[in-house]
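Listed here are the chains, written in short residue letters.
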Amino acid sequence: MSRFVDRVVLHLAAGDGGRGCASVHREKFKPLGGPDGGNGGSGGSVILEVDPQVHTLLDFHFRPHAKAGRGGQGEGSNRSGAKGEDLILKVPNGTVVFDDSGEMLVDLTGNGTRFVAAEGGKGGLGNASLVSRARKAPGFALLGEPGEQRDLVLELKSVADVGLVGYPSAGKSSLISVLSAAKPKIADYPFTTLVPNLGVVTAGNDTFTIADVPGLIPGASEGRGLGLDFLRHIERCAVLAHVVDCAALESDRDPISDVEALENELASYTSVLAEDNGLGDLAARPRIVVLNKTDIPEGKEMAEMVRAHFEERGWPVYDVSAVAHLGLDELRFGLFKMVDEYRRTQPAPEPARTIIRPKAQGGPEFEILKDPDHAGAFIVKGDKPRRWINQTDFDNDEAVGYLGDRLARLGVEDALLKAGAVEGSDVTIGDVTFEWEPSTPAGVDLRRTGRGTDVRLESSERIGAAERKFQRGVRRGLIDPDEETLE
């Protein structure tokens, strides 16, 4: 038996960016041809896309984890790595996306509408892209950035023109089965319908969609019965149709009190919507009353008694019998007329398009905070420092020196000094904590003593050995003394 799933939690991971390549061009008679390491490819993104062939979130219920492809590594001869393949997840029309804090991110309506749920990491630069006046032959490359990881909540809100509301066993499922080709489960006990049923109704040459909402009883807006699980499926309906059981056997129920009780629940749910996300006002939607089971004498008599009450409220009233197929054509055309009038009053839907929201500029690129958990320690906050940390290969001294130069040019060194940092203070950037050494010169042009090394991070013995190797290369004519060494 098929299952209807309208709420799932997704665990998404975009692809990591590929690392850049540190390579030197070599060929006969030209052993030192310069750096030619290519850039790494960007990781693939996880994208949600509305597909008219998808009607439920069932697939995500069984497979909640999704990961996009990672970017390829750069290669020599200036060859860039391949871009990671995007992962496109098909979702039904009317899917609303929330983050793990409950904030609504996007409302996906309209076939083909897309939303980048998790963005892939950027690929790292190869050493050919890191050449500068100070570093003519970098002996390192940047690592790829990790892809974004997010936990998202997807909720499906049915996109139907008419929503059937009413007490359990009022005949909603029977009505939708005779008005459309839908085949819902029908039985004579309450809460037979446990999932919303959608059907397409034909009225002459025109069509519209209809849905029944199960479990709407007093207290539903507070979660009683099936409650809020299915109330959200009527938020997008253009017309709300009260289906009333005129032949109910319960002595404490009658059509007027049934409708009033459900109107109170709809009003309560509207206030919940206003507080949560401001989606729609159900009180302003057109209403229609369907008096069902009028083929029974008691039902016909009850319908005559309550008709005037509903007409006084300005609501159209239709006598029908889903079992005997009475009054169905009048109901079809009456519903379409109301749907068509509502459509004409709504603004034309905008075509699906990609919306680019650039980040605000002009603010500080980083800030220095004192670590509340460790006295004398500091935390550097900011997108740039965090990204630079992720791009650094800490096994390569030259890459670490390049990171120090970048941070110094950004002003992090000066800001730490002003914040009260001293030599040996723990400084945390992203996931990395290190001891700050203010005596280490940063942001200045220093002669490199070897590929992958940095004179500021070497011991005196290793510095001497690298310097002697450098001088030997100069004497043999293999190294230009005004440039950096490649060997």
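Residues numbered from 1 in each chain as written. Predicted model: local features only at pLDDT ≥ 70, side-chain atom pairs only at ≥ 80, totals over all residues. Heavy atoms only, no water.

K.L.:
Tell me about the environment of K384, residues and numbers included.
P.N.:
With respect to the helices and strands, the residue K384 is situated in helix 7 (residues 383–391). Separated by 23 residues in sequence, K384 and L407 have C-alpha atoms that sit 9.1 Å apart. Apart from the residues within four sequence positions on either side, K384 is in contact with E365 and L410. A polar side-chain atom of K384 sits 2.8 Å from a polar atom in the side chain of E365. (Helix = DSSP H or I, 4+ residues; strand = E, 2+ residues; numbered from the N terminus. Contact = heavy atoms within 4.5 Å. Polar contact = N/O pair within 3.5 Å; in protein donor to acceptor, adjacent residues only side chain to side chain.)

K.L.:
Can you explain the confidence of the model for the protein? Please cite residues and give values.
P.N.:
The predicted coordinates of low-pLDDT regions are not to be read in fine detail. Per-residue confidence for the protein averages 79 on the pLDDT scale, and 75% of its residues sit at or above 70. Counting contacts from residues 189–193, a segment whose pLDDT is below 50, to residues more than four positions away or on other chains yields 15 contacts. Confidence drops under pLDDT 50 across residues 274–279; counting only partners more than four residues distant or on other chains, this segment forms eight contacts. (pLDDT = per-residue confidence, 0-100.)

K.L.:
Can you tell me about the sheet that holds strand 15 (residues 367–370), naming the residues and giving the values?
P.N.:
The four strands lie next to each other as 15-16-17-18, forming an open sheet whose pairing is mixed. Each edge of the open sheet carries a strand with a single partner, namely strand 15 and strand 18 (432–435). Adjacent strand axes in the sheet meet at a mean angle of 25°, parallel and antiparallel pairs treated alike. (Pairing = 2+ DSSP bridges. Axes fitted to C-alpha atoms, helices over the stretch in contact; angles between N-to-C directions.)

K.L.:
Lay out the environment of E103 with the relevant residues and their values.
P.N.:
Relative to the elements of secondary structure, E103 occurs in the loop between strand 5 (95–99) and strand 6 (104–108). The spatial distance from the C-alpha of E103 to the C-alpha of L152 is 10.0 Å, given a sequence separation of 49 residues. Those residues in contact with E103, other than ones at most four positions away along the chain, are V97 and F98.

K.L.:
I'd like to hear about the side chain of S321, residue by residue, with values.
P.N.:
Relative to the elements of secondary structure, S321 occurs in the loop between strand 14 (317–319) and helix 6 (328–345). When near neighbours in sequence (up to four residues on either side) are disregarded, S321 contacts N292, K293, T294, D295, L326 and L328.

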